[in-house]
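Secondary and tertiary structure notes
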Amino acid sequence: MAKRKKDEEYRTFQDEWTEEFAFVEKAGSAVCLICNDKIASMKRSNVKRHFDTRHASFASKYPAGDSRKKACQELVSRVQASQQQLRVWTRQGDYNSASFAGTLAIVRNGKPFTDGEYAKTFMLDVANELFDDLLNKDKIIKRIQDMPLSARTVHDRSIMMANQVEETQVKDINAAPFFSLALDESTDVSHLAQFSVIARYAAGDTLREESLAVLPIKGSTRGEDFFKSFMEFAHEKNLPLDKLISVCTDGAPCMVGKNKGFVALLREHENRPILSFHCILNQEALCAQMCDGQLGEVMSLVIRVINFIVARALNDRQFKTLLDEVGNNYHGLLLHSNVRWLSRGKVLSRFAACLNEIWTFLEMKGIEHPELAQTEWLLKFYYLVDMTEHLNQLNVKMQGIGNTVLSLQHAVFAFENKLELFIMDLETGRLLHFEKLSQFKDACTASEPTQNFDLHQLAGFTSSLLQSFKTRFGDFREHTHLFKFITHPNECSLNTADLSYIPDVSLRDFEAELADLKASDMWMNKFKSLNEDLERIVRQKAELASKHMWTEMKKLQPKDQLIIKTWNALPVTYDTLKRVSIAVLTMFGSTYSCEQSFSHLKNIKSNLRSRLTDESLNACMKLNLTKYQPDYKAISKSMQHQKSH
C-alpha cells in the first residue's frame, strides 16, 4: 500500500517542481517555462531529465537555491502577463473575426491577397481623419493596426472559409433527396483546362445552385479525363452519387459521346439511367447562327468592314471622330465574337445605326463595297438585324440562375410560335415584327414607289430557322409531361419511363397518391394559388423590364422557391409526389451557372495572377459564387487570438 501511495504522488504535479525545474501544470501536463515543451507523464524523473539535458546552461547560470527560485518566479510572471494580455485582447475586440471579414471582402471583390495590407493602410488613413474629434481615436487606430491582414493571413483564412462552405454544401447535398449537376470546361489564362462542377439541390424551402469545385485538368481533355477527375473529387468529398438525377452539359463529344463520353461513363459506373440535357442556351445559340448561304455572305461582309475600321488604330480613331462630328449617339463599332451568345445581334444593331457614317468613311478611304448600297443586300441585312434582336431577347429571357426546366422549355416553345407568326408577317408584307426592315422598306418605297421587294425569300429563311428549332431540344420535348407536373399535377399522366430516372419512386405509389390529390379540393387549390402567384411574378418582371429596373427584378421572389414551398406544404401522405416534384426542380436546363463561374475565373486568375495555385483559385471561386455566408466567428473561436506583428 505504501508503495502504491508513493507512485500516485509521483504521478501528480508537485508545486516544488516549479522552483526546482521551471515547470508548471497546464491542462493535465507538465509544461516547461523555458521552452514550452510538454511532459505527458507526470513523473519527477521525466521532468528532471528534461531540465538536466535541455537546460543545462540555465541550471549552471542559476544554481539550486534562491537564485534559481527567483529566476523561475520571473518566468512564471512573464507567462501570467502574457495570458493576461491575451485576455485583454479578447475583451477589446475579436481581431480574428475582423481579419476574416476583411479577407472575405477582398476575395469577393476579386482582389489579390496582397491587397490586405493596402486595405489596412486605407483604413488607417481614413480613421485618422474620420475619428479626429473622438477621444478614443488612438484606441481605434491601435485596433486597426493590430488586425492581421498580411498576404499569408488573407490566403490562409480564405482557405478556411472555403473549406467550411464546402462542408456545408456536402452536408446539405447528403441531406437532400436528390441533386443534379451542370458541367462545363474552359481554359484559363495559363492554358490549363478548368472543369466547373455546379450542383442544384433542395435545402428546406430553398433550391440552391452551388459551385462544388473547379477541377484542374492538366493533361488531355477526353471524357475519361473529366470522369476520372470528377470521381476522385466525389469520393474525397463523399458525394451521394446514388441521389444524382440529371447532368446538363454543353453537348461536346467528350461529354455526351456514346461510349467514352462523361455521361456514358457515369451511367456505366452507377449502373442506372441518368437524365442528360444539352444546354438549352447552347442549342438556341446554334439555331441562331443563321449564317449559311446568302445570309452568311451578309454577315461575312459586315465582319470584314468592322475589322477594317476597328482593328486598325488610325482608322478607329478617324471613324470615332467622324461619329462625333455628325452627332451619332454611338462612339464606335463593336467587334464580333463567335463564342458570345449576344454578340451577333449587338454587332449588327450597331452596324445598322452607323451605316451612313460607315459608307461615308469607306468612300473617304477609297474602299469599295457596292453591296452596302444594293437594295437586295440591305433587305437581307435589315432582316438579319431584326431577327437576331428577337433571338437575343429569347436568349436573355433564358439566362439567369434558378430557372426551372419548365420555364426554359416554355420560352423555346413560345418562340417557335412567334417564328410561325414572323413567317406570316413576311409573306403578307406587314412587317409588324421587323422594325428596321419596315423602316428601310418604307424609305425605299418613298423614293421609288414602283420598287418590288422579295419578302418571300426572307420568309424562307425564317422557315429554315423554325425547322432548326423543331429538330433541336429533343431531350426537353421528350420529358414535357414530367416538367409540367411541378405546376399542373392534375393535368399530367406520367409513365414508367418518366419515373425510371428517379430512384425509390414506384409507379404504383405515384398513381395512387396522384388520384388522392386530384380528389382533394383543398390541396388542388394550393396549385391554383401557385399558378396565380407565378402569373403575378411574370407580370411584375415584364413591368420592371420595360422600365429597365433590373435591380428591382432581382428582389422578386424566385419562381422555383414558390413551387417548392407549395409542394412542401403537402402532408407526408403525398411523399412520392413530393419526391418527383423535387427531382424535377433540381434539374438544370442550361449551363449558365458554369458560364458565370468562368467569368469569375477570368477575373480572379488574370494575367497579373496567372501563378495562382489550384487550392487558392478554388477557394476564391467558391467564396465568390456561394450563397452561403461563411460563419467566420465560429472559425475564429477555435483559433488563438493574435495581433498583427
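Quick caveat: nothing in here was measured; it's all calculated off a predicted structure.

The next subject is the overall build of the chain. Helix and strand content of the chain: 32 helices and 8 strands. A globule of 645 residues ought to have a C-alpha radius of gyration of about 26 Å, yet the chain, at 34 Å, is considerably larger. Its C-alpha atoms give the chain principal-axis dimensions of about 125 × 75 × 55 Å. Considering the chain as a whole, with its 645 residues, one finds that 47% of them fall into the buried category. Sequence separation of 24 or more characterises 70% of the internal contacts of the chain that already satisfy a separation of 6 or more.

The next point concerns a negative patch on the surface. On the surface, a cluster of negative charge is contributed by Asp15, Glu16, Glu19 and Glu25. Exposure remark for Glu19: the relative accessible area of 37% places this residue in the partly exposed category.

With that out of the way, let us pick up the nonpolar core. Formed by 167 residues in total, the largest nonpolar core has its most connected members in Phe195, Phe230, Phe262, Phe381 and Phe469. Sorting elements by how many residues they give to this core places helix H18 (residues 375–398) first, with 12 residues. Discounting residues that sit within four places of it in the chain, Phe230 has contacts with Leu181, Phe195, Val197, Leu215, Leu241, Phe262 and Leu266. Residues Phe13, Phe21, Ala30 and Cys72 belong to the second largest nonpolar core, which totals 18 residues.

Let us look at the pairing of strand E2 (residues 29–32). Of the two faces of E2, the one lined by Ser29 and Val31 and the one lined by Ala30 and Cys32 are each fully buried. Sheet analysis places strand E1 (residues 23–26) next to E2, joined by 4 bridges and oriented antiparallel. Each bridged residue has a counterpart across the sheet, and for Lys26 the counterpart in E2 is Ser29. Taking the residues between adjacent antiparallel strands as the criterion, E2 and strand E3 (residues 38–39) are bridged by 5 residues, where Asn36 takes a positive phi near 70°.

Attention now goes to the sheet that holds E2. With antiparallel pairing, the 3 strands of this open sheet are ordered in space as E1-E2-E3. At either end of the open sheet lies a strand with only one pairing partner, and these are E1 and E3. In terms of strand pairing, E2 meets E3 through 2 bridges, oriented antiparallel. Bridging from a neighbouring strand, Ala30 pairs with Ile39 of E3.

Okay, the pattern of salt bridges next. Across all of its chains, the model carries 21 salt bridges by this definition. With its nearest N and O atoms 2.9 Å apart, the salt bridge here joins Arg54 to Asp37. Taken together, the residues span a long stretch of sequence, with Arg54 in helix H3 (residues 44–54) and Asp37 in the loop between E2 and E3 at a distance of 17 residues. Given the relative accessible area of 31%, Asp37 is considered partly exposed. Note that Arg536 is salt-bridged to Asp533, the shortest N-O span being 3.7 Å. On the criterion of helical spacing, the pair formed by Arg536 and Asp533 is a turn pair, its members being 3 residues apart in helix H26 (residues 521–546).

Enumeration over the complete set of coordinates arrives at 26 aromatic pairs. It is Arg200 that lies over the ring of Phe588; its NZ or CZ is 4.8 Å from the centre. Of note, Arg208 hangs over the ring of Tyr628, and the distance from its end group to the ring centre comes to 4.2 Å.

This part is about the confidence of the model for the chain. Averaged over every residue, the pLDDT of the chain is 88; the share at 70 or more is 95%. The lowest-confidence element of the chain is helix H1 (residues 2–10), averaging 47 in pLDDT; the highest-confidence one is strand E5 (residues 193–203), averaging 96. Contacts of residues 1–9 to residues separated by more than four positions or lying in other chains number 1 contact, the stretch itself having pLDDT below 50. Segment residues 89–93: pLDDT under 50, and 8 contacts once partners within four positions in sequence are set aside and those in other chains are kept.

It is worth spelling out the packing of helix H6 (residues 95–108) against helix H31 (residues 614–625) at this point. At a minimum axis distance of 9 Å, the contact between H6 and H31 shows a crossing angle of 90°. The angle between H6 and H31 places the two elements in the roughly perpendicular class. Here H6 contributes Leu104, Val107 and Arg108 to the contact with H31, which in turn contributes Cys620, Leu623 and Asn624. Its residues placed into classes, the contact of H6 with H31 shows 4 nonpolar, 1 polar and 1 charged.

Right, let's get into the packing of helix H16 (residues 343–353) against helix H17 (residues 355–365). In contact at an axis separation of 4 Å, H16 and H17 are set at 70° when each is read in the N-to-C sense. It follows from the interaxial angle that H16 and H17 lie roughly perpendicular. Facing Phe351, Ala352 and Ala353 of H16, the residues of H17 in contact are Leu355, Glu357 and Ile358.

Further remarks concern a nonpolar patch on the surface. Judged by side-chain polarity, Tyr118, Phe122, Met123, Val126 and Leu130 come together as a nonpolar surface patch covering roughly 500 Å² of accessible area. Structurally, the position occupied by Tyr118 is in helix H7 (residues 115–130). Residue classification places Tyr118 among the exposed residues on the basis of a relative accessible area of 56%.

Another point: helix H25 (residues 507–519). End to end, H25 covers 18 Å across 13 residues, agreeing with the expected 18 Å (1.5 Å per residue, within 8%). If you check which residues of H25 are buried, you get Phe510, Glu513, Leu514 and Leu517. Take H25 and look down its axis: the buried residues cluster within an arc of 105°, on one side only. Summarising the geometry of H25, the exposed residues directed more than 90 degrees from the buried face are Arg508 and Ala519. As for H25, its buried residues are in contact with helix H24 (496–499), H26 and helix H29 (575–586).

Take the sheet that holds strand E6 (residues 206–217) next. Taking strand neighbours across the sheet as the criterion, the 5 strands line up as E6-E5-E4-E7-E8 in an open arrangement whose pairing is mixed. Lying at the two open borders of the sheet, with one neighbouring strand each, are E6 and strand E8 (275–278). Sheet twist, expressed as the mean angle between neighbouring strand axes with direction ignored, is 20°. Pairing analysis gives 3 bridges linking strand E4 (residues 179–187) to strand E7 (residues 244–249), with the strands arranged parallel. Bridging across to E7, Ala182 finds its partner in Cys248. Docked against the sheet, helix H10 (residues 223–237) engages E4, E5 and E6, running at close to 120° with respect to E6. Contacts from helix H12 (residues 262–270) reach E4, E5, E7 and E8 within the one sheet, and its direction differs from that of E7 by about 170°.

Taken as a whole, H3 has its buried residues at Asn46, Val47, His50 and Phe51. The arc that holds every buried residue of H3, seen down its axis, measures 130°, which confines them to one face.

Turning our attention to the side chain of Ser593. Within the element layout of this structure, Ser593 appears in helix H30 (residues 592–604). Discounting residues that sit within four places of it in the chain, Ser593 has contacts with Ile198, Glu209, Ile401 and Phe588.

Rules behind the numbers
Residues numbered from 1 in each chain as written. Predicted model: local features only at pLDDT ≥ 70, side-chain atom pairs only at ≥ 80, totals over all residues. Heavy atoms only, no water. Helix = DSSP H or I, 4+ residues; strand = E, 2+ residues; numbered from the N terminus. Rg over C-alpha atoms; globule rule 2.2 N^0.38 Å. Buried < 20%, exposed > 50% of the residue type's maximum accessible area, 1.4 Å probe, protein only. Contact = heavy atoms within 4.5 Å. Patch = residues over 30% accessible without salt bridge, like charges linked within 9 Å, V, L, I, M, F, W, Y side chains within 5 Å. Areas by Shrake-Rupley, 256 points an atom, 1.4 Å probe, with all protein chains shown as cover. Salt bridge = Lys/Arg side-chain N within 4 Å of Asp/Glu carboxyl O. Lys, Arg positive; Asp, Glu negative; His and termini not counted. Charge placed at Lys NZ, Arg CZ, Asp CG, Glu CD. Core = buried A, V, L, I, M, F, W, Y, C linked by side-chain atoms within 4.5 Å. Pairing = 2+ DSSP bridges. Phe/Tyr/Trp six-rings, centres within 6.5 Å; stacked < 30°, edge-to-face > 60°. Lys NZ or Arg CZ within 6 Å of the ring centre and 35° of its normal. pLDDT = per-residue confidence, 0-100. Axes fitted to C-alpha atoms, helices over the stretch in contact; angles between N-to-C directions. Parallel < 35°, antiparallel > 145°, perpendicular 65-115°, else oblique. Nonpolar A, V, L, I, M, F, W, Y, C, P; charged D, E, K, R; others polar. Expected span 1.5 Å × (residues − 1). Arc of directions from axis to C-beta.

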